Amino acid sequence: MDNSKQTVVVTGFEPFGEHTINASWVAVQELKKLGLGKDIDLHVYEVPVDYQAVQSLIPSLLKQYHPQLVVHVGVSGMATTVTLEKCGRNHGYKGLDNSRFCPHSQCCIEGGPDCIDSVIDMESVCKRVTASGLGVAVSISQDAGRYLCDFTYYTSLYLSHGHSAFIHVPPIEKPYSGVDLGRALQAIIQEMLNMLDQTKEKIHCQRVH
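Since we're looking at a predicted model, the values are computed, not measured. (Residues numbered from 1 in each chain as written. Predicted model: local features only at pLDDT ≥ 70, side-chain atom pairs only at ≥ 80, totals over all residues. Heavy atoms only, no water.)

A. Molecular detail of the overall build of the chain. When its secondary structure is counted, the chain shows 5 helices and 8 strands. Mapped from its N terminus to its C terminus, the chain presents α and β elements in the order β-α-β-α-β-β-β-β-α-β-α-β-α. Radius of gyration (C-alpha) of the chain: 16 Å, near the 17 Å computed for a compact globule of 209 residues. Reported as C-alpha extents along the three principal axes, the dimensions of the chain are approximately 55 × 40 × 30 Å. Expressed as a percentage of the 209 residues in the chain, the buried residues total 52%. Pairs at least 24 residues apart make up 81% of the contacts formed inside the chain by residues separated by at least 6 positions. Working note: accessible area of the chain is about 10,200 Å², and carbon and sulfur atoms make up 51% of it. (Helix = DSSP H or I, 4+ residues; strand = E, 2+ residues; numbered from the N terminus. Rg over C-alpha atoms; globule rule 2.2 N^0.38 Å. Buried < 20%, exposed > 50% of the residue type's maximum accessible area, 1.4 Å probe, protein only. Contact = heavy atoms within 4.5 Å. Areas by Shrake-Rupley, 256 points an atom, 1.4 Å probe, with all protein chains shown as cover.)

B. Here's a closer look at the packing of aromatic side chains. With the rule as written, the count across this model stands at 9 aromatic pairs. Between the aromatic rings of Phe16 and Tyr147, the centroid separation amounts to 5.9 Å while the plane-to-plane angle is 50 degrees, which identifies the pairing as tilted. Linking Phe16 in the loop between β1 (6-13) and α1 (23-34) with Tyr147 in the loop between β7 (138-141) and α4 (148-160), this pair joins segments that are 131 residues apart in sequence. When the ring of Tyr93 is compared with that of Phe151, the centres are 5.4 Å apart and the planes differ by 85 degrees; the resulting orientation is edge-to-face. Pair noted here: Tyr93 is in the loop between β5 (87-89) and β6 (115-117) and Phe151 is in helix α4, with a separation of 58 residues, a long-range link. The class for Tyr93 is buried, based on a relative accessible area of 0%. In this structure Phe151 comes out as buried when scored by relative accessible area, which is 0%. Through pairs of rings, three or more aromatic residues link up here, namely Phe16, Tyr51, Tyr93, Phe101, Tyr147 and Phe151. (Phe/Tyr/Trp six-rings, centres within 6.5 Å; stacked < 30°, edge-to-face > 60°.)

C. Examining the packing of helix α2 (residues 51-65) against α4 more closely. Put simply, α2 and α4 touch, their axes get as near as 10 Å, and they point 35 degrees apart. In the packing of α2 onto α4, the handedness of the crossing is right-handed. Contact with α2, carried on its side by Tyr51, Val54, Gln55, Ile58, Pro59 and Leu62, involves Leu148, Phe151, Thr152, Thr155, Ser156, Leu159 and Ser160 of α4 and no other residues of that element. Here the residues of the contact of α2 with α4 are counted per class, giving 8 nonpolar, 5 polar and no charged. (Axes fitted to C-alpha atoms, helices over the stretch in contact; angles between N-to-C directions. Left-handed = near helix turned anticlockwise from the far one by under 90°. Nonpolar A, V, L, I, M, F, W, Y, C, P; charged D, E, K, R; others polar.)

D. Molecular detail of the UniProt feature "active site" (unreviewed entry) in the chain. UniProt marks Glu85 and Cys149 with the feature "active site" (unreviewed entry), using the numbering shown here. The largest pairwise C-alpha distance within this set of annotated residues, which runs over 65 residues, is 10.1 Å, so the set is compact in three dimensions. One can find Glu85 in strand β4 (residues 82-85). Classification of Glu85 by relative accessible area gives buried; the value is 2%. Among all residues touching Glu85, those that are not within four sequence positions of it are Met122, Ser141, Gln142, Asp143, Ala144, Tyr153, Phe166 and His168. Separated by 3.5 Å, the side chain of Glu85 and the backbone nitrogen of Ala144 make a polar contact. On the secondary structure map, Cys149 appears in helix α4. Residues in contact with Cys149, not counting those within four places in the same chain, are Phe13, Gly74, Val75, Ala144, Phe166 and His168. (UniProt positions renumbered as here; feature names shortened; annotations may be inferred. Polar contact = N/O pair within 3.5 Å; in protein donor to acceptor, adjacent residues only side chain to side chain.)

E. Quick peek at the confidence of the model for the chain. Across the chain, the average pLDDT comes to 92, with 94% of residues at 70 or higher. Overall, residues 203-209 carries pLDDT values under 50, and its contacts beyond four positions in sequence, including any with other chains, amount to 0 contacts. (pLDDT = per-residue confidence, 0-100.)

In structure tokens form, the structure reads like this:
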């Protein structure tokens, strides 16, 4: 692996329920075709809609790649915009997964905080991407839905110390194509990486001075 490159892991989900084609995985595959630029090592994964699988997959991805950023993408049947989730929540998981299972404790990490925020300033990302004239509407949310999306996000935030993000996309053609969603992911994740770089530079400058 080239040590001069930044590593980013992006995940989408497998089909579940009414989502026989999961727009999140379609969008992530389109992103893979586009890439994030020559200095970014991009790895994509399809995540099972399975609580126990998520609990083992997230730590293994972090251990394998040591990514600068992990971005999870999920589909929301209610969404009409691409939605940036600010935080993940620990409690309230009652919905059954594809294996007809839900955690007995109904929480992600027993003893963990109720809510964990991403280190990414989602409001700033939303403003900058909107101002770029992408042609895809982007919005902010503070509730990722208490299902596998939220469960994955909280687990990832907890293990990555906040260096994770979650993006909800609407179903395909409601109103955006897979290609449109892939372009939106590319623009959003590039902006997130820019923000992380700027934060690092600020910390470095403060240390030097």
